Amino acid sequence: MANKVSRQDFLKTVGLAASGLMLGGSAAAKRVSPGVITSNTRRSANGKVNLALIGIANQGASDARQFINSGLANIVAVCDVDLDSRGSQETIKSVPKAKQFRDFRVMFDKMSGEIDAVQVAIPDFAHFPVCMAALELGKSVFVEKPMCRTFHEAELLAQAANKYPKLATQVGNQGHSGENYFQFKAWKEAGIIKDVTAVTAHMNGSRRWHPWDPDICKYPEAQPLPAGMTEKDWDTWLTTAGYHDFNEKYHPGNWRGWYDFGLGALGDWGAHILDTIHEFLELGLPYEIDPVHIRNRNDFFFPLESTIRFRFASRGDMPACDITWYDGVENLPQFPEGYDSVNATVDRNIPPPGGTPEQGGTRQGRQGRDTGESRDRQAQQTSQPRRPASGKIIYSKELTFKGGTHSAPLFIIPAEKAKEMESKLPEVPESPSNHYENFLLACMGEEKTRSSFQTFAPLSQIFSLGIIAMRRNMKLIFNTRTKEIINDKFANAMLADRFPRKGWESYYNL
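Below, the structure is looked at part by part.

Things to note about the overall build of the protein chain
If you tally the helices and strands in the protein chain, you get 17 helices and 15 strands. Relative to its full complement of 510 residues, the protein chain shows a buried share of 58%. In the protein chain, 73% of the contacts between residues at least 6 apart in sequence involve partners at least 24 apart. For the protein chain, the accessible area works out to roughly 21,100 Å², and carbon and sulfur atoms hold 48% of it.

Spelled out as C-alpha cells, the structure:
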C-alpha cells in the first residue's frame, strides 16, 4: 500500500463499528518478511526466549532487570536513541553480549531472525509504530502502559493482536499479575464484590515530569542534544510526532507532561489503579465523559489538577457505574466514613509518584511528598490520619472497599464491617508468576498473558477519552457501539488526533 494517506482516509478508520483490518504493512515489515506464524514463540537453544530491549533507561532499565532476573530470557539486543546515557550504559553493562542499536528499524532489519520477542519501554507516543512493526514481523510484545497515545492506536493494536493470535502481548501494568488481580477475581466470583455503582480513583502525589511554570504556556526553546545523540537519533525519538526541537523538558523522562507525547497522570497511574476494576466489572467504554474540574487548562501540557467523571452503562445483571478520577496534589477526593479504620497495605515494589533516581526521579521524589514524609508530618500536626497519595474507593450497594495501586489488595471498610465479613471471604490463590515471567511463559506457550492488548485496549481508550474531554473542556457523549463522540466534531477527530509525520504513515495500515 502506498505511504501517502489522506487525512480524510486516516480519520475514516476511527470510530466505526464496521472498521475492518486494512491490508498493508509497516516499513519494517516490508523489509523483512515475518513468514507464517504456526506456533507460539520458540525457545532459544538454552531454553530461553530471545528478547530485544527497546528503551533501556529509566522504566526500560527497571523492566530489563526484571526480565534478566527471571532467568527465562536471553537478551540478544538493546536499542535506545540515547545509548550513551547513564541509564542505558548501566543496562548495557548487565548484558554485554547483546548487540546495540539506536533505531529499532535498523535492529529489525539486521537481526529480525534472531529475535523472538521485544520489550518496548519508550515514551507513550512512540509505542505504537514499534509494536506494530514487531507484531507484523512475528515478534511477541511487552509494552509499557498505557500501551499507546490515542484511541485509534489502541483500536489498531487490539486488531493486530487478534490478527496474530499465536503471539503473546502484554501491557506493563505490573500489578495485574499480583495480589489485587487474584483477590478481585476471587471476590467477584464469590459475590463479595457485586453491584458496584461508583468508584473514586485518585493520584495526589507530585509529578516530577510536569513541564514548568503554568503561567508560561508554550513549547520550550531548542537546546543542544545530549552527548552522543545526533539529529538523526532525535528524529528517531520523535517517530510519528510532529517535529519539536530537542529540550530537556522532553528528554530524558519529562515527555509525559506534554499532550504531544504522553497521557499525563491519568495514563501513568490510572493503568495501575483502575485495571482490575475495569476488567472484572466488564465496564467496556463509557457513554459520557465529564471534565468536572480542570485547573490550569492550556494547549500544551497537562493541567495541574483534573477531576473527570466517566459514566458506564449497566452490563447484564451489573448496574450502571460511575468512575471519578482525581489528580493533583491538592485535588483530594472525599473519603468515606470509616476509611481510616482499616490500614491498607502498600505495594512496596513500586516507586513513589515522583520517581526514583533509577527511574529519572528527583531528590524531592525520594525525600519529599511522594514518599509520604511530608504527609506524615502534616498528619502529626493536624491529628489527621495519613492517607495514601494514590488509590481507589469502590462503592457497591452493600459494601465499600478501599485499595491502593498496582498489586496492593482491597480492604472492606469500616473495620466493623470487615470483621463481620471475615468468615465469608474466599481463599485468594497466589500468583504463579510475576508480570514479566507471565509474558515470557506465554511466549513459550505455557501461560496466557493477563494484560493482553485485547484486555488493555479499552482501558487505554478510556484514558484517551478523558484527555480529549479535558482538552475540549466539555462533557462528551460517546456512542459505544459506533465508537464515535457524537456531540462535538472536533473531539471526534481527536480520537485519531494528528496525522502521522511523513515517513511514518504506513505503520497505521494493518
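Comments concerning the packing of aromatic side chains
Using the criterion set out here, one finds 27 aromatic pairs in the structure. Ring geometry for Tyr 181 versus Phe 182: centroids 5.0 Å apart, planes at 80°, classification edge-to-face. There is no split in this pair, since Tyr 181 and Phe 182 are both buried. Judged by centre distance (4.5 Å) and plane angle (15°), the ring pair of Trp 234 and Trp 237 falls under stacked. Residue Trp 234 and its partner Trp 237 are both found in helix α9 (residues 231-238); the two are separated by 3 residues, about one turn of the helix.

Side note on the side chain of Thr 91
Inspection of the secondary structure puts Thr 91 in helix α4 (residues 86-94). Of the polar contacts made by the side chain of Thr 91, one reaches the backbone oxygen of Ile 56; its length is 2.7 Å. Apart from the residues lying within four places of it in its own chain, the contact partners of Thr 91 are Leu 53, Ile 56, Ala 61 and Ala 64.

Thoughts on α4
In an α-helix there are 3.6 residues to a turn, and that puts residues three or four apart on one side. Among all positions of α4, only Ser 88, Thr 91 and Ile 92 are buried. One side of α4 carries all its buried residues, which in axial view fall inside an arc of 100°. For α4, the exposed residues set more than 90 degrees away from the buried face come down to Arg 86 and Lys 93. Those residues of α4 that are buried lie in contact with β1 (49-54), α3 (59-70), β2 (73-79) and β3 (99-101).

Let's talk about the pairing of β1
By the criterion of burial, β1 is predominantly enclosed, with 6 of the 6 residues buried. Of the two faces of β1, both are covered, the one formed by Val 49, Leu 51 and Leu 53 as well as the one formed by Asn 50, Ala 52 and Ile 54. Where β1 meets β2, 6 bridges bridge the pair, whose relative direction is parallel. Along β2, the bridge assignment pairs Val 49 with Ala 73. With α3 bridging β1 and the parallel β2, this β-α-β connection has right-handed handedness.

Quick word on the pairing of strand β4 (residues 117-120)
With burial as the criterion, each face of β4 is covered, one bearing Ala 117 and Gln 119 and the other bearing Val 118 and Val 120. Examined bridge by bridge, β1 and β4 share 4 bridges and lie parallel to one another. If you follow Leu 53 over to β4, its bridge partner there is Gln 119. In the sheet, β4 pairs with strand β5 (residues 140-143) via 4 bridges, with the strands oriented parallel. Bridge pairing in β5 links Ala 117 to Ser 140.

Here we look at the state of the cysteines
One pass over the full model with this rule turns up 0 disulfides. The cysteine Cys 148 is free of any disulfide, with Cys 131 supplying the nearest cysteine sulfur at 8.1 Å.

As for unusual backbone geometry
The peptide bond linking Lys 145 to Pro 146 adopts the cis configuration, its omega dihedral lying at 10°. Tracing the backbone shows Pro 146 in the loop between β5 and α7 (151-163). With phi around 55°, Asn 58 is a residue other than glycine that occupies positive phi space. Secondary-structure assignment places Asn 58 in the loop between β1 and α3. Look at Asn 58 and you get partly exposed, because its relative accessible area is 24%. Although it is not a glycine, Asn 473 sits at a positive phi angle of roughly 55°. Counting through the fold element by element, Asn 473 comes out in the loop between α16 (453-472) and β14 (476-479). Note on Asn 473: relative accessible area 40%, which makes it partly exposed.

Focus: the nonpolar core
Counting residues in hydrophobic clusters, the biggest one holds 111 residues, and the most contacted among them are Met 107, Phe 108, Met 147 and Phe 453. With 11 residues, α16 is the single largest residue contributor to this core. In contact with Phe 453, not counting residues within four places along its chain, are Cys 131, Leu 135, Val 141, Val 143, Met 147, Leu 157, Ala 158, Ala 161, Thr 169, Gln 170 and Val 171. Ranked by size, the runner-up nonpolar core spans 23 residues in total, among them Val 95, Phe 142, Leu 440 and Leu 441.

Section: the side chain of Gln 183
By the secondary structure assignment, Gln 183 is in helix α8 (residues 179-189). Judged by its relative accessible area of 5%, Gln 183 falls in the buried class. Not counting residues up to four positions away in its chain, the partners in contact with Gln 183 are Pro 409, Leu 410 and Val 428.

Quick notes on helix α6 (residues 127-136)
A large share of α6 lies buried, amounting to 10 of its 10 residues. A positive backbone phi angle near 80° is found at Gly 138, which sits one or two residues after α6.

Considering the sheet that holds β14
Reading across the sheet, the 9 strands line up as β13-β12-β11-β7-β10-β9-β8-β14-β15 and stay open at both edges, with mixed pairing between neighbours. Here the strands that pair on one side only, and so sit at the sheet edges, are β13 (411-413) and β15 (484-485). Both strand β7 (residues 196-203) and strand β11 (residues 390-396) contribute to a ladder of 7 bridges, which runs antiparallel. Of the residues in β11, the one forming a bridge with Ala 198 is Tyr 395.

Cut-offs applied
Residues numbered from 1 in each chain as written. Predicted model: local features only at pLDDT ≥ 70, side-chain atom pairs only at ≥ 80, totals over all residues. Heavy atoms only, no water. Helix = DSSP H or I, 4+ residues; strand = E, 2+ residues; numbered from the N terminus. Buried < 20%, exposed > 50% of the residue type's maximum accessible area, 1.4 Å probe, protein only. Contact = heavy atoms within 4.5 Å. Areas by Shrake-Rupley, 256 points an atom, 1.4 Å probe, with all protein chains shown as cover. Phe/Tyr/Trp six-rings, centres within 6.5 Å; stacked < 30°, edge-to-face > 60°. Polar contact = N/O pair within 3.5 Å; in protein donor to acceptor, adjacent residues only side chain to side chain. Arc of directions from axis to C-beta. Pairing = 2+ DSSP bridges. Right-handed = clockwise from strand over helix to strand, strands pointing away. Disulfide = S-S within 2.5 Å. Core = buried A, V, L, I, M, F, W, Y, C linked by side-chain atoms within 4.5 Å.

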